Amino acid sequence: MSAAPRCALCSCLLLCGQTNLKSPQDLQVYIVNTDFTLRWNYTGNDTNVTFSAQYQLLGDFETNKAQWKELTGCQNVTGTKCDFSSALTEYYNRHNVRIRAERREEVSPWSSVFEMTPYLIAQIGPPGIELQSTNGVIKIKISPPEANQVRKMWISHLRFKYNLVIWENSSNAEFRSQIIFPDDIIDDLAPETTYCLKVQATLPSDLKEGLFSPIHCVKTTRKVKDLLCATNVSVFALNMEFYLHWSNQYKQHVSYNVQYLIGYLKKLQNCSSQWVNVPGCENITDTKCNFSSVIRGSFGFYYLRVEAVNEYNKSCLSNDVKVDPLVTNEIGPPGIKLDISDVLLHIQILPPGGSESEAMRNNYGLSYRVIYWKNSMNNEEEVKMKEIKQTLGTVSDLTPSTLYCVKVQAFSEIYNKSSHFSKEECIKTPGDKILPLIILATFVIALIAVLLVAMPLIFALYQAYSKIKYVFFPSCQPPLNIEGFGEQHFSSPYMSATEELIENCCILESITTEEVNQTDPKDYKHCKQSSRDSGNYSNDDDTSGSKVCEETLEKEIV
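In this report, the structure presented in the accompanying data block is examined. Please read these numbers as outputs of a predicted model, since none were measured by experiment.

1. Notes on unusual backbone geometry
What you tend to see is this: most non-glycine residues have negative phi, and most peptide bonds are trans.
Next up, step 1: Positive phi values are uncommon outside glycine, yet N33 reaches one of about 55 degrees.
Next up, step 2: With respect to the helices and strands, the residue N33 is situated in the loop between β1 (25-32) and β2 (35-41).
Next up, step 3: Here N313, not a glycine, exhibits a phi torsion of approximately 65 degrees, which is positive.
Next up, step 4: In this fold, N313 is placed in the loop between β23 (302-310) and β24 (315-317).
Next up, step 5: Look at N313 and you get exposed, because its relative accessible area is 64%.

Shown next as structure tokens:
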């Protein structure tokens, strides 16, 4: 019978209610890597019943238009499970699955639909393991799940992390769990002891834990101590300067090569060929190496080891040391510079590592804890603290003429790291400038007040002095025609007049008779001049207002 009449008959039987078959129940899909298994339950008592399943690939926008297709591997199955690993290839898309019971031409209703996205419900399969016991340790090599498969559920095996569980093969065994790499060494084991272990692959980013591998057991050997190998390998890092230190137990000539491996390469199988020598740390005899040049970034991590080589070219490798730059590095103390203004103490902070250390500034998100106090004899002076994120800080409320001391600590909240405190720096505040200003202002105001009071007084005294000088010490000079009479006293017109002596002055002239005869007769009067003077004189007359009386002196002429 062709498929079309069969479907028509099945539909008729269903509509007419003539089927006695029950639908399968409790559909479940189990996926390990790319192995798909469908399971279900059937409660009917019917015999000769088979089961057939269909699936539907759901697109983002065509959910209602998606067609049901036969699920390869799950057609005419007599049991209650089937493998359909080859049927699906779209592991990241949603699928619907349904199943029904069939007996000859009779079919049951379809079961409820089971919806799934393969990648989300898939489990990680067990990894492969290879073990080797040597020199007291166990070397392990791990193959990722799906290592030999063409179709893969897990796209990148580099994302896997491996969890090892190991224990002694004894009745009172203690289980120890640790994270290991695909090519790793298990140490800290007792010699000549049988250990059993199993490994699980995980995808932490997807919150997936895989199935454990089968249990493997191996017996350890006795460890032979090789004095050539470098021991006590450790890393010291400060302000993104990285140094590797180790100890030398070999008494003869030995040289060292320091090697590093970028962290993600450790996840590769056979990563031993990826180790590279650190520049400047090849064939050295010293027991330390500066490997800062190989730290190319602040993120990620590195592995370092030391290869020791003797004069016979025999070599020995030390244990690996893991370096996570921002975790391993320690923050050094910052530097500080102090300056004082009128009312503020200015603190300039020099970041750890100097101005060129970008990694310190950009990755740690540094903040600074500033401690300051008055450096005085009083031990009870309060120590104050403030936290700042900038490299410039200020302190106010300063006391004049006081010595202040400051120290600063850098810290990172992100990495929970802090530096030692910087060296203490002290600076003295200037003296109080308010009192000198007050004194100066008082002096200026007093000076102005004195000038305002003194100027009228000085003016009055000057006027009085002028009057007195004018009265008692006149500046006028006597006329020229009475010069020589310096002994003559002049009286002030402002003083009362007293009786003055009168002097009679006569001019006696000796003349000859001839001269007298030739001269017109005149009467010469006796000149009398009073020494009483009004004090006023005029320049209009040479005699200055004095009277001259002329009398005839005829009687005196000889």
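Now that the structure has been shown, the text picks up again.
2. Details of the nonpolar core
Next up, step 1: Ranked by internal contacts, the top residues of the largest apolar core, which has 50 residues, are W246, V278, F291, L304 and L345.
Next up, step 2: Leaving out residues up to four positions away in the same chain, V278 has contacts with V258, Q259, Y260, C289, N290, F291, V294 and L304.
Next up, step 3: Among the nonpolar cores identified, the runner-up in size contains 47 residues, and F114, I142, Y162 and L197 belong to it.

3. Description of the sheet that holds strand β30 (residues 392-395)
For sheets, the rule is that strands pair by backbone hydrogen bonds, running either parallel or antiparallel.
Next up, step 1: Within the open sheet, the three strands sit side by side as β26-β27-β30. Their pairing is antiparallel. If you trace the sheet from one side to the other, it starts and ends with β26 (335-340) and β30, each paired once. The mean angle between the axes of side-by-side strands here comes to 25 degrees, regardless of whether they run parallel or antiparallel.

4. Re the sheet that holds strand β19 (residues 241-247)
Next up, step 1: One open sheet holds the three strands; their spatial order is β18-β19-β22, and the pairing between them is antiparallel. The sheet is open, and its two borders are formed by β18 (231-238) and β22 (288-290), each paired with just one other strand. Averaged over all adjacent pairs, the angle separating strand axes in this sheet is 15 degrees, with direction ignored.

5. Remarks on the state of the cysteines
Next up, step 1: Under the counting rule described, the total for this entry stands at five disulfides.
Next up, step 2: Each disulfide pairs two cysteine sulfurs, and for C229 the partner residue is C316, the sulfurs being separated by 1.3 Å. Its S-S torsion of about 60 degrees marks the bond between C229 and C316 as right-handed, since a negative value means left-handed. Of this pair, C229 sits in the loop between β17 (216-219) and β18 while C316 sits in strand β24, placing them 87 residues apart in sequence.
Next up, step 3: Covalently, C405 is tied to C426 through a disulfide, its sulfur atoms 1.9 Å apart.

6. Quick look at a nonpolar patch on the surface
Next up, step 1: Judged by side-chain polarity, L440, F443, V444, L447, I448, L451, L452, V453 and M455 come together as a nonpolar surface patch covering roughly 920 Å² of accessible area.
Next up, step 2: Considering the arrangement of structural elements, one finds F443 in helix α5 (residues 434-472).

7. Remarks on the pairing of strand β27 (residues 345-350)
Next up, step 1: With burial as the criterion, only one face of β27 is covered, namely that bearing L345, I347 and I349; the residues H346, Q348 and L350 on the opposite face remain uncovered.
Next up, step 2: Bridge analysis of β26 against β27 gives six bridges, and the strand direction is antiparallel. From the neighbouring strand, D339 faces β27, where its bridge partner is H346.
Next up, step 3: Counted between consecutive antiparallel strands, the loop separating β26 from β27 contains four residues.
Next up, step 4: By the bridge criterion, four bridges tie β27 to β30 in an arrangement that is antiparallel. Opposite H346, over in β30, you have T394 as the bridge partner.

8. Overview of the side chain of S213
Next up, step 1: Position of S213 relative to the elements: it lies in the loop between β16 (208-212) and β17.
Next up, step 2: Overall, S213 belongs to the buried group, its relative accessible area being 4%.
Next up, step 3: Among residues more than four places away in sequence, those in contact with S213 are P126, P127, I129, K198 and V199.

9. Remarks on empty space enclosed by the protein
Next up, step 1: Throughout the structure, instances matching the rule amount to one cavity of 30 Å³ or more.
Next up, step 2: Size it by volume and the largest cavity reaches roughly 40 Å³.
Next up, step 3: In terms of lining residues, the largest cavity is bounded by P144, H157, Y162, P182, K267, L268 and Q269.
Next up, step 4: Here the residues of the lining of the largest cavity are counted per class, giving four nonpolar, two polar and one charged.

10. Here's the deal with the packing of aromatic side chains
Next up, step 1: With the rule as written, the count across this model stands at 13 aromatic pairs.
Next up, step 2: Relative to F51, the ring of Y42 lies with its centre 5.2 Å away and its plane at 75 degrees, an arrangement referred to as edge-to-face. Of the two residues, Y42 and F51, both sit in the buried class.
Next up, step 3: Through a chain of ring-to-ring contacts, the aromatic side chains of F36, F84 and Y91 assemble into a single cluster.
Next up, step 4: The cationic tip of K407 hangs over the ring face of F421; the distance from NZ or CZ to the ring centre is 4.9 Å.

11. Description of the pattern of salt bridges
Side chains that differ in charge, positive against negative, can pair when their charged atoms come close.
Next up, step 1: The final tally for this structure, using the stated rule, is nine salt bridges.
Next up, step 2: Of the charged contacts in the structure, one is a salt bridge between R94 and E115, with a shortest N-O distance of 2.8 Å. Taken together, the residues span a long stretch of sequence, with R94 in strand β6 (residues 94-103) and E115 in strand β8 (residues 114-116) at a distance of 21 residues.
Next up, step 3: Here R94 falls in the partly exposed class, since its relative accessible area comes to 35%.
Next up, step 4: In this structure, D320 and K266 form a salt bridge, with 2.7 Å as the shortest nitrogen-oxygen distance. Note that D320 is positioned in the loop between β24 and β25 (321-323) and K266 in the loop between β20 (254-262) and β21 (276-277), a separation of 54 residues in sequence.
Next up, step 5: Accessibility expressed as a relative area gives 33% for D320, which makes it partly exposed.

12. Here we look at the pairing of strand β10 (residues 128-134)
Next up, step 1: Summarising the sheet, β10 and strand β11 (residues 137-143) pair through seven bridges and their orientation is antiparallel. The residue bridging G128 from the neighbouring strand is S143, located in β11.
Next up, step 2: Between β10 and β11, which pair antiparallel in sequence order, lie two residues; one of them, N135, sits at a positive phi of approximately 50 degrees.

13. Some thoughts on the environment of S112
Next up, step 1: With respect to the helices and strands, S112 occurs in the loop between β7 (106-107) and β8.
Next up, step 2: The sequence separation of S112 and R98 amounts to 14 residues, and the corresponding C-alpha distance is 6.4 Å.
Next up, step 3: Among residues more than four places away in sequence, those in contact with S112 are L27 and V97.

14. Some details on the environment of P118
Next up, step 1: Turning to its location among the elements, P118 is positioned in helix α2 (residues 118-121).
Next up, step 2: Under the relative-accessibility criterion, P118 is labelled buried at 0%.
Next up, step 3: In contact with P118, not counting residues within four places along its chain, are I31, F36, E90, Y91, N93, H95 and M153.

Conventions and cut-offs
- Sequence order as written defines residue numbering, which begins from 1 separately in each chain.
- Only residues with pLDDT of at least 70 are given local features in this predicted model, and only at 80 or more are side-chain atom pairs given and counted; all residues enter the totals for whole chains, interfaces and linings.
- The side-chain quantities take in all heavy atoms of the structure and omit both hydrogens and water.
- By definition, any uninterrupted DSSP run of H or I lasting at least four residues is a helix, any uninterrupted run of E lasting at least two residues is a strand, and each is numbered from the N terminus.
- The rule is simple: take the accessible area with a 1.4 Å probe, protein chains only, and divide by the maximum for that residue type; under 20% is buried, over 50% is exposed, in between is partly exposed.
- Residues enter a nonpolar core if they are buried and are Ala, Val, Leu, Ile, Met, Phe, Trp, Tyr or Cys, with the set joined through side-chain atoms within 4.5 Å.
- Residues count as neighbours in contact if any of their non-hydrogen atoms are within 4.5 Å of one another.
- Any two strands with at least two DSSP-identified bridges between them are counted as paired.
- Every axis in this analysis is a line fitted to C-alpha atoms, fitted for helices over the stretch in contact. Angles between the N-to-C directions lie between 0 and 180 degrees.
- Disulfides are defined in this document as cysteine sulfur pairs within 2.5 Å.
- Patch members must show over 30% relative accessible area and no salt bridge, and they are joined within 9 Å when carrying like charges or within 5 Å when they are nonpolar side chains of Val, Leu, Ile, Met, Phe, Trp or Tyr.
- Throughout, the Shrake-Rupley method with a 1.4 Å probe supplies accessible areas, and for residues the shown protein chains are the sole cover considered.
- Salt-bridge detection follows one rule: a side-chain nitrogen of Lys or Arg within 4 Å of a carboxyl oxygen of Asp or Glu.
- A cavity here means a set of points on a 1 Å grid, drawn over the protein atoms and nothing else, where a 1.4 Å probe fits but cannot get out; a pocket is an open set with protein on both sides within 12 Å along at least five of seven lines, and a residue lines either one if it has an atom within 4 Å of a point.
- Grid points are joined across faces, edges and corners, and a volume is the space filled by probe spheres set on the points.
- Here the nonpolar group is Ala, Val, Leu, Ile, Met, Phe, Trp, Tyr, Cys and Pro; Asp, Glu, Lys and Arg are the charged ones; every other residue, Gly included, is treated as polar.
- In this analysis, rings of Phe, Tyr and Trp, with Trp reduced to its six-membered ring, are considered paired at centre separations within 6.5 Å, and the interplanar angle assigns stacked below 30 degrees, edge-to-face beyond 60, and tilted for intermediate values.
- Only Lys NZ and Arg CZ are tested; either one counts as a charge over a ring when it is within 6 Å of the ring centre and within 35 degrees of the ring normal.

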